[in-house]
Every structure is written in C-alpha cells, then in structure tokens.
Amino acid sequence: MNLKQLSQMLGLSQTTVSRALNGYPEVNHETRERVLKAVRETGYRPNKAAQRLATGKAGSIGLVMPTSPGNSSDVHFSEFLTGLGEEALRHDFHFVLTPADPNDEVGALRRLAASGNVDALFVNYMRGHDPRLEMLKSLSMPFLVHGRSIGSEPDYPFLDIDNEAAFYDATKLLLQLGHRRFALLNGPIYFDFAIRRKNGMDAALAERGLALDEACTSHTPMTDEQGLLAMERILQMEKDKRPTAVLCSSTVLALGAVRAINQAKLKLGEDISMIAHDDVLTLLKPENFTVPLTTTRSSLRAAGVRIAERLIGEIKHTETFPAQELWKAELIVRASTGVAPA
C-alpha cells in the first residue's frame, strides 16, 4: 500500500496523512490516531526518500563509536543501545552509527552532522573538559549528552545519573556498618562518571576523617577480568591493612572481584562487604549472585529510551522536555553488605 491508497481508504488528503505520520502539531489528535491505527492494520511503510523530500528530515539519529585494535566489546553500551533502539523503532527512526578513531571523535561528529544523513546527534562516555561539547554547541542541530563533563560549562542538554550521590550514599551505608578500610574498583579515571563516583566516596570518607588508600584503588575497563585482577592484588595486602569494604563501578567488575574473594576463601558479606553499581544488565542480575549484591541501581536501557524519546520529540517538535535531567540512583541493600569484621 502506498500513501495515495492509504489516504483514499481514510478519505483524507495525502498531505494530511503525511503530516499526521510526521507529527505535525496542526493535525488533531483524533485524526492522527485514526491514521496510525490504519497504518498498524495495513502494514503501510512510508517511503523514506519521499518522506525526506516532504519534511526535510532524515528520520535518523547519529552516533559516533570510537574503535581501535584491541578494544573489547562493551556490554554497558550494548544495553544502552537496546533502549535507544526500542524507542527509535516505535517512531520508525534509524541510527547512523559511524566508527571513528578515538583521537578524531570531534572530526567524525562534524562530518556526520554535515552529511545530511541525521537530524540529531548523541554522545556518551563523557570526559572532563570534553572537547566534543564546544563543537556540538556550534552546530545548528539538536544534540543530547548521556552523562556530563566535569570542568565544562554546564550549558548543554544532558541526561545523567547522580554518580557522586550514589557512591556517597553507598559509602555512608558501609561506614554505618563499622567499616574503616575501603577499596574502589572504578572505571577509567578520565571518564566523568568515574571521577564523580570517586568524589562521592572521598566526600563520605572525609566526613569521618578517613581517606581512600591509592593502593586500594583501581581505574580500569569495566570487565570481569579487570575486576578479578584488581581484587587479587588488593587481597594480597597484610590482613590488618586489607580493606573490609569494596565499591565497584559495575556489576561486571564485581563479578571478577567476587571470584577473587571466593578463591581467597573469604565470605562476602562477612569477611568483606561489597556494593556495586547496577546498570540493570540483561544477563547479569545482582540478585542472582551466590551472595546477592547490594547495589546502586539505574537502568542504562531506560536511559537509552529516554534519550531517544527526547531527541525524536525535539526533531518532530511534538513535545517539550527539560534540557537537563539528573536521575537519582536507588540503593538496594542485599546480603553482600554486613557489619565490619572485628
């Protein structure tokens, strides 16, 4: 079925049907719903080339994916993309995913914006003083940031979780349980989320006159192998100096760290307590660990859905959203946190 046949079936002009499908505000709600119902029933798919000519919109969101030899796949980014894809599919939007040299992300974004193949841009894995921001602000194209850039002017649209508050609250819980010696298994320190999580932990410890020992801190890619290696190194410390509480920036890191704890014949939640950040990954549930993990929880998939919703709404001019959103992570207490050992 083509547009002409669909409009004849509905008794509407082709222009009205096209405007209803593309979210023009002058089409009333009843007519739009009628058109969408007919689309679902008939399986009509708009001609993208014709739609682009009619609206001037590509119907696509642009993403740049840094890649280089030796880079491992990232389950966190995959989970986020799933949410982004769910919402994009609902609106019949596409992704344009452009691989780029990690040292040329600014150039790759600029070329993608100039290509005419996308209506909006999305960036993530923000760094302190991130150079992408100034370039994005210079474009006459909507963009949205997942995360923030510490040290940059906060004058850009973003969606982030309050990483500092999440790790502050997690550390406070462990302090209340009597812990005084801490370890942090963090993401790479140049990422904004990792900086803020460490800042939150440092702030909570400072209130008790304590400080995080650099020997008990690691900043690595968030894989189970890195979690295992970092925890093995920390557990080699003398018993009276060894941490009794560990914070992990991901349940993936925690997976490796728990393996190291088990291999050392220590009991999680008794000899050593752990809190991990839970991105609500499909294949790794903290409640399914042998000792269920206490977590700070915020869904990456939900963030993906929200970012697509905001970008598509801005492209179509159908909804108004807050320019900046800061989500609070939820602290879920389970068996991996216990009173500090004597």
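So, how was this worked out
- Residues numbered from 1 in each chain as written.
- Predicted model: local features only at pLDDT ≥ 70, side-chain atom pairs only at ≥ 80, totals over all residues.
- Heavy atoms only, no water.
- Phe/Tyr/Trp six-rings, centres within 6.5 Å; stacked < 30°, edge-to-face > 60°.
- Helix = DSSP H or I, 4+ residues; strand = E, 2+ residues; numbered from the N terminus.
- Buried < 20%, exposed > 50% of the residue type's maximum accessible area, 1.4 Å probe, protein only.
- Axes fitted to C-alpha atoms, helices over the stretch in contact; angles between N-to-C directions.
- Parallel < 35°, antiparallel > 145°, perpendicular 65-115°, else oblique.
- Left-handed = near helix turned anticlockwise from the far one by under 90°.
- Contact = heavy atoms within 4.5 Å.
- Nonpolar A, V, L, I, M, F, W, Y, C, P; charged D, E, K, R; others polar.
- Arc of directions from axis to C-beta.
- Salt bridge = Lys/Arg side-chain N within 4 Å of Asp/Glu carboxyl O.

Peer 1: Explanation requested: the packing of aromatic side chains in the structure shown.
Peer 2: For any two aromatic rings, the description comes down to two numbers: the centre-to-centre distance and the angle of the planes. This structure, assessed with the given rule, holds six aromatic pairs. For the pair F80 and F122, a centre-to-centre distance of 5.0 Å together with 15 degrees between the ring planes defines the contact as stacked. With F80 in helix α5 (residues 75-90) and F122 in strand β3 (residues 120-123), the pair connects residues that are 42 residues apart, well separated along the chain. Grouping residues by exposure puts F80 and F122 together as buried.

Peer 1: How should I be thinking about the packing of helix α10 (residues 224-235) against helix α11 (residues 251-263) in this particular structure?
Peer 2: For any two helices packed against each other, one specifies the inter-axial angle together with the distance between the axes. Direction vectors running N to C along α10 and α11 enclose 40 degrees, while the axes themselves pass 6 Å from each other. Taken together, the axes of α10 and α11 are oblique relative to one another. In this structure, α10 crosses over α11, and the sense of that crossing is right-handed. Contacts from D224, Q226, G227, L228, M231, E232 and L235 in α10 reach V252, L253, L255, G256, A257, R259, A260, I261 and Q263 in α11. Across the contact of α10 with α11, the residue classes break down as nine nonpolar, four polar and three charged.

Peer 1: Just checking my understanding: could you explain helix α2 (residues 14-21) for this structure?
Peer 2: One turn of the α-helix equals 3.6 residues, which is why residues spaced by three or four share an orientation. Three or more residues of α2 are buried, namely V17, S18, A20 and L21. Taken around the axis of α2, the buried residues stretch over an arc of 160 degrees, which confines them to a single face. On the buried face of α2, the contacting elements are α1 (3-10), α3 (29-42) and α12 (300-316).

Peer 1: Explanation requested: unusual backbone geometry in the structure shown.
Peer 2: Most peptide bonds take the trans form, and the phi angle of most residues other than glycine is negative. In the Ramachandran plot, H129 falls in the positive-phi region, its phi being about 50 degrees despite a non-glycine side chain. For H129, the location among the structural elements is in the loop between β3 and α7 (132-138). Judged by relative accessible area, which is 58%, H129 ranks as exposed. Phi angles above zero are rare outside glycine, and V280 is one such case at about 60 degrees.

Peer 1: Would you mind showing me how to read the pattern of salt bridges here?
Peer 2: Any two side chains of opposite charge can pair, given that their charged atoms come close. The full count for this structure, using the stated rule, is 22 salt bridges. Measuring nitrogen to oxygen at the nearest pair gives 3.0 Å for the salt bridge that ties E105 to R132. Residue E105 is found in helix α6 (residues 105-114), and its partner R132 is found in helix α7; the two are separated by 27 residues along the sequence. In this structure, R310 engages E325 in a salt bridge whose closest nitrogen and oxygen atoms are separated by 3.0 Å. Of the two residues, R310 is situated in helix α12 and E325 in strand β11 (residues 324-327); the sequence distance between them amounts to 15 residues.

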